[in-house]
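Understanding the architecture of this molecule
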Amino acid sequence: MVNFEELKNYLEEKRSKIEKTIEDYFPKKGSYGKRVLEAAQYSLMAGGKRIRPILCLIGYELYKDNSEEVLLFACGIECIHTYSLIHDDLPAMDDDDYRRGKPACHKVYGEATAILAGDGLQALAFEWFTHPDLIKRIDPFLLIKAIHCIATAVGFNGMVGGQMADLLAEGKRGSYKKLKWIHTHKTVALIRASLLSGALLANAPSSHLRVLSKFGYHLGLLFQIVDDFLDLVGDEKTLGKPVKSDLKKKKLTYPSLFGLNKTKELAQITANTAIETLKPLEEKAKILEILTLYLLNRVN
Ligand code: GRG
């Protein structure tokens, strides 16, 4: 893969496989509790770039030919990501009304149902990570390693901790040290773990895992810097959510500390660093290099 056009086709192909798998495996029966299933499905299928599950597939494809073997694992990661978005939008958290171009889950189904939908999606992820269809294809020892990697990234020392610090930092003067801590835990941890989990499932050598871990860190940071930037200058329709929401909530972000120009410069520097870390993987990692540039220039 050498250019953006090929990458776009690749991402589109993976997105549609991920969505088909989610549809195939999503629980069908709900009986008296079916409202929460409906709410979870509403958010899960509301669009989204599917970057995290795609990173898992890429991590696997660096070492194995057929990433269909781990599609269900990748879909579990998307369930966790979607749960975090549903909870993040709740009035008690970021209080946002729109997500993925549609009214947020709590706006359609109410807060109680949205909380349960997020909880259910987190559990569903672990149901899929340990699904018999995965166990019959992947060595359970490798599965456990990958599950541990994801669980650590989304727990107290990962996304949940980052979200806590993000909420506590609202409206206060913050430092660069705190900003980096928040971003590293709230956003970077899951992005990095998504890529690593795929490589772990493929039993990648530990020297490569170290490289991918460093790369995942810089890629995740880049993702968040661009997210902060787009909140100020992005187009509402393309983003699928209101702009300037960080500004209104007085969030600690890259632009709030450094201004727009410097933020743009830092995004470019972070992208360069990410690409630099890939050197030991040589040609094998070309797709990650192009993906980095794609995410640097993303508009949603
Ligand atoms: C509620 C535990 C908990 C955590 C919430 C995900 C998150 C933590 C907050 C979302 C707020 C936010 C804008 C974070 C910045 C980066 C980010 C996660 C953006 C959304 O991810 P995308 O752009 O979304 O991949 P799509 O819709 O494409 O999947």
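That block above? That's the structure.
Cut-offs applied
- Residues numbered from 1 in each chain as written.
- Predicted model: local features only at pLDDT ≥ 70, side-chain atom pairs only at ≥ 80, totals over all residues.
- Heavy atoms only, no water.
- Helix = DSSP H or I, 4+ residues; strand = E, 2+ residues; numbered from the N terminus.
- Rg over C-alpha atoms; globule rule 2.2 N^0.38 Å.
- Buried < 20%, exposed > 50% of the residue type's maximum accessible area, 1.4 Å probe, protein only.
- Contact = heavy atoms within 4.5 Å.
- Areas by Shrake-Rupley, 256 points an atom, 1.4 Å probe, with all protein chains shown as cover.
- Lys, Arg positive; Asp, Glu negative; His and termini not counted.
- Charge placed at Lys NZ, Arg CZ, Asp CG, Glu CD.
- Axes fitted to C-alpha atoms, helices over the stretch in contact; angles between N-to-C directions.
- Left-handed = near helix turned anticlockwise from the far one by under 90°.
- Nonpolar A, V, L, I, M, F, W, Y, C, P; charged D, E, K, R; others polar.
- Near = heavy atom within 4 Å.
- Polar contact = N/O pair within 3.5 Å; in protein donor to acceptor, adjacent residues only side chain to side chain.
- Phe/Tyr/Trp six-rings, centres within 6.5 Å; stacked < 30°, edge-to-face > 60°.
- Lys NZ or Arg CZ within 6 Å of the ring centre and 35° of its normal.
- Parallel < 35°, antiparallel > 145°, perpendicular 65-115°, else oblique.
- Expected span 1.5 Å × (residues − 1).
- Core = buried A, V, L, I, M, F, W, Y, C linked by side-chain atoms within 4.5 Å.

So, about the overall build of the chain. If you tally the helices and strands in the chain, you get 16 helices and two strands. What you see for the chain is a C-alpha radius of gyration of 18 Å, in line with the 19 Å of a compact globule of 300 residues. When burial is assessed residue by residue, the chain has 53% of its 300 residues classed as buried. Relative to all contacts within the chain whose residues are 6 or more apart in sequence, the contacts with residues 24 or more apart total 75%. Summing over all exposed atoms, the chain offers an accessible surface of approximately 14100 Å²; the carbon and sulfur share of this is 55%. Looking at the chain, you have 42 positive and 37 negative side-chain charges, and the mean spots of the two groups are 3 Å apart.

Looking now at the packing of helix α9 (residues 159–169) against helix α10 (residues 176–201). Interaxial distance between α9 and α10 falls to 7 Å at its minimum, and their mutual angle equals 140°. For the pair α9 and α10, the sense of crossing is left-handed. Taken together, the residues of α10 that come into contact with α9 (itself represented by Met159, Gly161, Gly162, Gln163, Ala165, Asp166 and Ala169) are Lys178, Trp181, Ile182, His185, Lys186 and Leu190. In terms of residue class, the contact of α9 with α10 is made up of six nonpolar, four polar and three charged.

Before going further, it helps to spend a moment on the site of the ligand. Near the ligand you find 19 residues, and of these Lys49, Arg52, His81, Arg100 and Gln224 are the closest. Contact distances for the ligand include 2.7 Å between an oxygen atom and a side-chain N or O atom of arginine 52. Measuring from an oxygen atom of the ligand, one finds a side-chain N or O atom of histidine 81 at 2.8 Å. Calculation on the ligand without its partners gives an accessible area of 700 Å², and the protein chains cover 92% of this total. If you list the elements that add at least two residues to the shell around the ligand, you get α4 (71–89), α9, α10 and α11 (206–233). Here the shell around the ligand takes six residues from α4, the largest share from any one element. Class assignment of the residues belonging to the shell around the ligand gives a composition of five nonpolar, seven polar and seven charged.

For the rest of this paragraph, the subject is the packing of aromatic side chains. Throughout the structure, instances matching the rule amount to seven aromatic pairs. Judged by centre distance (5.2 Å) and plane angle (80°), the ring pair of phenylalanine 126 and phenylalanine 129 falls under edge-to-face. Here phenylalanine 126 pairs with phenylalanine 129, and both are found in helix α6 (residues 111–129), just three residues apart, close to one helical turn. Judged by relative accessible area, phenylalanine 126 falls into the partly exposed class, the value being 28%. Ring centres 5.1 Å apart and planes at 85° place the aromatic pair tyrosine 176 and phenylalanine 258 in the edge-to-face group. With tyrosine 176 in helix α10 and phenylalanine 258 in helix α14 (residues 254–258), this residue pair connects regions lying 82 residues apart in the sequence. Taking relative accessible area as the criterion, phenylalanine 258 reaches 29% and is therefore assigned partly exposed. One aromatic cluster is present, formed by Phe73, Phe126 and Phe129 through successive ring pairs. Stacked on the ring of phenylalanine 223, the Lys or Arg arginine 298 has its end atom at 3.9 Å from the ring centre.

Right, let's talk about the packing of helix α15 (residues 260–277) against helix α16 (residues 286–296) for a bit. Put simply, α15 and α16 touch, their axes get as near as 9 Å, and they point 170° apart. For the element pair α15 / α16, the angle class is roughly antiparallel. The residues of α16 that touch α15, namely those facing Ala267, Gln268, Ala271, Ala274 and Ile275, are Glu289, Thr292, Leu293 and Leu296. In the contact of α15 with α16, the residues fall into six nonpolar, two polar and one charged.

The end-to-end C-alpha separation of α15 is 26 Å, in line with the 26 Å expected for 18 residues at 1.5 Å each. Among all positions in α15, only Thr263, Leu266, Ala267, Thr270, Ala271, Ala274, Ile275 and Thr277 are buried. Summarising the contacts, the buried residues of α15 are in contact with α11, α14 and α16.

Side chains that are nonpolar tend, in soluble globular proteins, to be buried together. Ranked by internal contacts, the top residues of the largest apolar core, which has 95 residues, are Phe73, Ile80, Leu121 and Leu288. Sort the elements by how many residues they give to this core and α10 lands first, with 12 residues. Beyond its immediate chain neighbours, meaning those up to four positions away, phenylalanine 73 contacts Cys56, Phe129, Leu134, Leu143, Ala146, Ile147, Ile150, Ser197 and Leu201.

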